[in-house]
Amino acid sequence: MAARARRRCGGFTLIELVIGIALSGLVAAAIFSFFSSSTEAGRVHESQTRAQESARTALARLGADVRQAAGPNGGGPVAAISSTELVIYADLRRSNDPTLSFLPSKVRYALQSGSLVRESAAPIVGAGGTITYPATYAGQTTLATGLVNATTGAPLFAGINSDGNATSVAADVAQIAVRVQVGHTDSHRSAMDEVDLDITLRNA
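Each residue is numbered by its place in its chain's sequence as written, counting from 1. In keeping with the predicted nature of the model, local features appear solely for residues at pLDDT of at least 70, side-chain atom pairs appear and are counted solely at 80 or more, and the whole-chain, interface and lining totals rest on all residues. Side-chain figures throughout are based on the complete set of non-hydrogen atoms in the structure, without hydrogens or water.

Trainee: Explain the side chain of N149 here, please?
Mentor: Numbered from the N terminus, helices here are DSSP runs of H or I no shorter than four residues, and strands are runs of E no shorter than two. Positionally, N149 belongs in helix α4 (residues 149-152). Buried means the residue's accessible area, taken with a 1.4 Å probe over protein chains only, is under 20% of the maximum for its type, while exposed means over 50%, and partly exposed covers the values in between. A residue is classified by how much of its surface remains accessible, and N149, at 1% relative accessible area, is buried. Once you skip the residues sitting within four places of it in the chain, N149 turns out to touch L111, A154, P155, L156, R179, V180 and Q181. In this analysis, two residues are considered to be in contact whenever any of their non-hydrogen atoms come within 4.5 Å of each other.

See the structure below:
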């Protein structure tokens, strides 16, 4: 009797231990999977939000420049436009103080190696008030990174004339359509967000 009682109190059998370990492993795997998916979802959301915010900030800056655009020496506000480059004349000083004399900088936006950059050339006032510009730009600033327009083939900039038709002739541009496509990671896959802006030129 004493020996039989000792065997009953001896603990778990090997089969019981194996089953217990297996069940514990399944529970741990389920918990890990839950937290892993939650963390991944958070990373995806953060990446998407960051991409969209970067694009919106860039468009806000670009939109402010374009709305103030006006050409020097009686010319038009757009100096050049293509699918990857926009050059305008803008005087942002006058948005804060309209009493200032008109003295626009030559502002260039361009798609370079997946980034949207902004740079400008300061005006040079010559004899008789004629305004000219240096051949090179300065003060390059990166406004947004991760642009995939070059990969997708979508134009970053498009000119539209007063009849609503596409045009690449700077003098005919009455509206500028901007299409920013930003890539980000979505569950280990490449994904893309697009932010569009149509800007009507006030001084075209």
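From this point, the discussion proceeds with the structure in view.
Trainee: What am I meant to see in unusual backbone geometry here?
Mentor: A positive phi angle, near 55°, is found at N73, a position not held by glycine. Here N73 lies in the loop between α2 (14-67) and β1 (78-81). Unusually for a residue other than glycine, S113 sits at a positive phi of about 50°. Checked against the element boundaries, S113 lands in the loop between β3 (105-112) and β4 (115-121). On the accessibility criterion, S113 (83% relative accessible area) is exposed.

Trainee: Would you mind showing me how to read the pattern of salt bridges here?
Mentor: Close approach of charged atoms allows side chains with opposite charge to pair. A pair is scored as a salt bridge if a Lys or Arg side-chain nitrogen falls within 4 Å of a carboxyl oxygen belonging to Asp or Glu. Taken as a whole, this structure holds four salt bridges when the rule is applied. Among the ionic pairs, R108 bridges to E119, the shortest N-O distance being 2.5 Å. Separated by 11 residues along the polypeptide, R108 in strand β3 and E119 in strand β4 bring together distant segments of the chain. Note on E119: relative accessible area 9%, which makes it buried. Connected via shared salt-bridge partners are E85, R108 and E119.

Trainee: How should I be thinking about the sheet that holds strand β7 (residues 138-144) in this particular structure?
Mentor: Think of a sheet as strands paired side by side through backbone hydrogen bonds, with each pair either parallel or antiparallel. Following DSSP output, two strands are said to pair if at least two bridges run between them. As summarised here, the arrangement of the five strands in space is β1-β2-β3-β4-β7, forming an open sheet in which the pairing is antiparallel. Strand pairing shows two members of the sheet lacking a second neighbour, β1 and β7, which therefore form its edges. The average angle at which neighbouring strand axes cross in this sheet is 15°, direction not considered. Axes, fitted as lines to C-alpha atoms, cover a helix only where it is in contact. Angles between the N-to-C directions of the axes lie from 0 to 180 degrees.

Trainee: What is the right way to look at the confidence of the model for the chain in this model?
Mentor: Any region with low pLDDT has predicted coordinates that should not be read closely. Scored from 0 to 100, pLDDT reflects the predictor's confidence in each residue. Overall, the predicted model of the chain reaches an average pLDDT of 83, with 83% of residues at or above 70. When pLDDT is averaged over each element of the chain, strand β8 (residues 157-160) comes out on top at 96 and helix α1 (residues 2-8) at the bottom at 52.

Trainee: Looking at this structure, I do not really get the pairing of strand β2 (residues 85-90). What am I missing?
Mentor: A regular strand places its side chains so that they alternate between the two faces of the sheet. Here β2 lies mainly inside the structure; five of its six residues are buried. Judged from the three bridges that link them, β1 and β2 form a sheet pairing that is antiparallel. When the bridges of β2 are listed, V78 appears paired with I88. Between β1 and the antiparallel strand that follows it, β2, lie three residues. Bridge count between β2 and β3: six bridges; the pairing is antiparallel. Note that in β3 the partner of A90 across the bridge is S105.

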